[in-house]
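# Summary of structural features
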Amino acid sequence: MQETTWLKKITSPKDLKGLRLETLESIASEIRRIIAQTCSRNGGHFAPSLGVVELTIALHYALNTPEDRLVWDVGHQTYSHKLLTGRAQSFHTLRLADGISGFPRRNESPYDNFGVGHASTAISAALGMALARDRRGEKNRVVAICGDGAMTGGLCYEALNNVGYLRPDMLIILNDNKMSISPNIGAISRHFNFLITNQIYNRSKETAEDLMNRVPAVGKRVVDFSQRLERSIKNLIVPEETIFEKMGIRYLGPVDGHDMAGLIEILEHVRDLKGPILLHVKTTKGKGYEYSELDPESWHSNYGFKISTGEKVDVNPGSESSAPLVPTYTEVFSETLTELAEKDDRIVAITAAMAKGTGLDTFARRFPDRLYDVGIAESHAVCSAAGMACEGLRPVVAIYSSFMQRAFDQIIHDVALQKLPVTFALDRAGLVGDDGPTHHGVFDIAYLRMIPDLVVMAPRDEEQLRRMVATAAAYEDGPIAYRYPRGKAVGVPVEAGPPATIEIGTGDILSEPQEMGKKVAILSLGPIATNALAAAKILGQAGIGTGVVDMRFVKPLDRPLLSRLAQEYDLLVTLEDSCLPGGFGSAVNEALGEIDFHKRALTLGLPDRWIEQGSVEELFLRNGLDPRGIARQIEEALEKHFGAWSSAHTVAK
Ligand SMILES: Cc1ncc(C[n+]2csc(CCOP(=O)(O)OP(=O)(O)O)c2C)c(N)n1
């Protein structure tokens with residue numbers, strides 16, 4: 001627990017009420033210090049949280065939370081919210097295994113009104129809450145807090161369309177820092193900039209009167225309100241020109257998101273207005289820490305840093321900045337794609353607001369006009385890729401595995417059904433670590449492998465990833481996907497020259513038992529092959545002849561290889577870092593059923609429950625996917641099915 005002065009007295013937002021402005025400002029400084037200390041050790045979404053410190057204090061000050069609902073978009077900016085709502089004592093466990101989440105979680109606090117991690121949900125969820133409130137005849141307020149980046153997501157417009165029609169009492173706060181992860185782009189971002197730079201005043205008088213008529217309070221309060229509103233109205237009102245006004249939602253702003261007094265004043269004004277209101281708040285991402293203010297993009301999230309110098313230090317060994325000579329899978333993907341694009345000008349790349357995260361910024365430096373950043377709009381990314389493929393382009397859509405869930409129907413309906421040659425590069429597949437269940441990429445195999453005509457691959461190392469990028473680029477017959485994890489690749493040598501392609505649907509035998517009988521074959525998928533090889537070694541030392549095969553393709557499966565393994569080995573074990581239901585192991589078992597397999601099979605992977613946050617190593621251990629855990633489970637299966645093995649051979653208990 002860090003040293004705190006004010007925060008230890010704030011056990012709930014009620015303790016903020018009545019504090020003087022200077023005290024609230026001291027609390028803001030203290031919050032920033034604690035966020036910096038914690039993120040420097042645990043990593044986290046640093047710049048987004050620093051940008052909303054004053055806004056968060058003002059919201060909890062002016063509203064009556066948790067009866068009044070706060071619905072955060074993405075939820076990566078809620079560190080101040082956590083510190084003010086009874087979690088200051090446990091804040092040092094942020095993002096650690098068994099610690100508090102880096103995102104709002106309903107089961108963590110009554111103040112976390114809606115669980116989140118993916119973008120653009122807040123307005124929609126808040127509307128649902130406002131409608132439920134009205135049905136129950138209650139009076140609590142509902143506030144959605146949505147970033148300008150999140151506002152590039154289509155779900156926001158579906159919600160706004162509904163809000164402007166139903167017109168419930170609710171407040172939408174547009175937290176505009178001009179940044180998504182990278183600088184925000186797109187027509188809506190241009191519109192927000194127009195609103196900030198062209199404050200139009202022509203209807204302010206009527207608007208002020210209109211607003212006052214809609215305030216339910218009476219007497220002196222209304223007079224105060226009217227006087228203060230008259231004073232500040234000039235800076236607040238941008239009438240009709242806004243997209244929101246045209247949709248039936250009253251627009252107010254822009255206001256300075258770091259002026260605590262001004263924020264409290266405006267929130268106290270608008271909190272009881274009738275109908276839907278959008279308050280445009282200008283904030284600075286990374287506010288209050290020199291390095292993050294200067295470069296908010298690279299400080300959006302990090303894995304640890306030195307506060308005094310701003311130097312990044314990776315708290316997760318095995319990923320990102322450790323082992324400097326080994327590239328990340330992301331880098332290998334991007335560099336290989338760039339290489340291939342030199343020779344094939346049909347190749348274009350699409351990102352959903354993650355140019356840097358997917359490595360496509362490298363591609364864009366070489367081919368600036370061949371990268372399309374569509375905003376946080378995964379469905380549109382995939383559907384527009386389908387259109388491009390219809391017209392002869394070879395689009396590569398690079399999206400994190402968990403965000404690709406948003407585009408499920410587009411993959412089926414717009415791409416696969418029409419057999420269009422679109423490539424899906426699924427980054428951050430498998431366990432991502434401290435971001436937890438909203439971000440683990442563990443469902444992709446299940447949601448992709450059931451789609452007809454879609455080829456699905458996973459590389460075990462960087463050389464295989466290069467080959468898969470090339471295989472996909474050369475594949476003309478329909479859609480194709482490859483999934484690869486966050487962080488460092490294995491560090492194997494990479495063949496010089498253009499990458500070779502892989503024959504579709506072929507696995508690769510990595511090791512076979514030499515002097516022992518063929519007892520166990522581990523069929524693995526992806527980089528978890530490293531753990532399979534290590535487990536085979538442990539089993540071999542215990543006298544259990546174990547082979548390891550990298551199946552490479554979930555779809556189509558290498559059936560001839562499967563048949564051969566089924567004949568030669570007594571126990572087939574599938575190994576994957578994705579969900580077991582519907583996953584790679586299921587695929588193998590279905591295929592084994594078809595070839596009338598009468599031996600034993602064991603599926604190892606992630607069980608049918610939510611995988612919480614923690615380092616990837618810790619999560620592998622907890623789920624029995626580390627080499628010893630794998631060996632132990634295989635030995636247990638051998639004991640169960642072939643009891644004779646039990647006592648003579650003890651593996652890693
Ligand atoms: C569906 C989805 N796609 C991508 C992301 C990755 N992502 C996290 S935050 C972010 C940018 C959000 O920008 P904004 O809403 O303006 O918030 P800020 O970080 O600027 O405070 C993106 C693209 C996500 N969380 N969800």
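Refer to the structure printed above.
Residues numbered from 1 in each chain as written. Predicted model: local features only at pLDDT ≥ 70, side-chain atom pairs only at ≥ 80, totals over all residues. Heavy atoms only, no water.

### Considering unusual backbone geometry
- Pro254 follows Gly253 through a cis peptide bond whose omega is -5°.
- Mapped onto the secondary structure, Pro254 falls in strand 4 (residues 250-256).
- Residues other than glycine seldom take positive phi values, yet Asp98 does so here, at roughly 65°.
- Inspection of the secondary structure assignment puts Asp98 in the loop between helix 4 (79-84) and helix 5 (122-136). (Helix = DSSP H or I, 4+ residues; strand = E, 2+ residues; numbered from the N terminus.)

### Description of the nonpolar core
- Of all hydrophobic cores here, the largest spans 52 residues; its most connected members are Ile57 and Leu59.
- The biggest single contributor to this core is helix 1 (residues 21-42), with eight residues.
- Every residue in contact with Leu59, bar those within four places of it in the chain, is listed here: Leu70, Trp72, Val143, Ile145, Ile173 and Leu267.
- Ranked by size, the runner-up nonpolar core spans 50 residues in total, among them Val348, Ala381, Ala386 and Val415. (Core = buried A, V, L, I, M, F, W, Y, C linked by side-chain atoms within 4.5 Å. Buried < 20%, exposed > 50% of the residue type's maximum accessible area, 1.4 Å probe, protein only. Contact = heavy atoms within 4.5 Å.)

### Considerations on the site of the ligand
- Surrounding the ligand, one finds 22 residues, the nearest of these being His76, Gly149, Met179, Lys285 and Glu378.
- Interatomic distance of 3.0 Å between a backbone N/O atom of Gly117 and a nitrogen atom of the ligand.
- One nitrogen or oxygen atom from the main chain of Gly149 is found 2.7 Å from an oxygen atom belonging to the ligand.
- Per-class residue counts for the shell around the ligand are 10 nonpolar, eight polar and four charged.
- The residue makeup of the shell around the ligand includes at least three contributed by each of domain 1 (7-200 + 238-282) and domain 2 (329-483). (Near = heavy atom within 4 Å. Polar contact = N/O pair within 3.5 Å; in protein donor to acceptor, adjacent residues only side chain to side chain. Nonpolar A, V, L, I, M, F, W, Y, C, P; charged D, E, K, R; others polar. Domains from an automatic or database assignment.)

### Quick look at the environment of Gly392
- By the element assignment, Gly392 lies in the loop between helix 15 (378-390) and strand 8 (394-400).
- Put simply, Gly392 and Arg346 are 46 residues apart on the chain and 7.2 Å apart in space, counted from C-alpha to C-alpha.

### Structural notes on the sheet that holds strand 9 (residues 423-427)
- With mixed pairing, seven strands are arranged side by side in an open sheet as 7-6-8-9-11-10-15. Looking at which strands have only one partner, the edges of the open sheet turn out to be strand 7 (371-373) and strand 15 (553-555). Averaged over all adjacent pairs, the angle separating strand axes in this sheet is 20°, with direction ignored.
- Against the sheet, helix 13 (residues 329-343) contacts strand 6 (347-351), strand 8, strand 9 and strand 11 (480-483), and its axis sits at roughly 145° relative to strand 6. (Pairing = 2+ DSSP bridges. Axes fitted to C-alpha atoms, helices over the stretch in contact; angles between N-to-C directions.)

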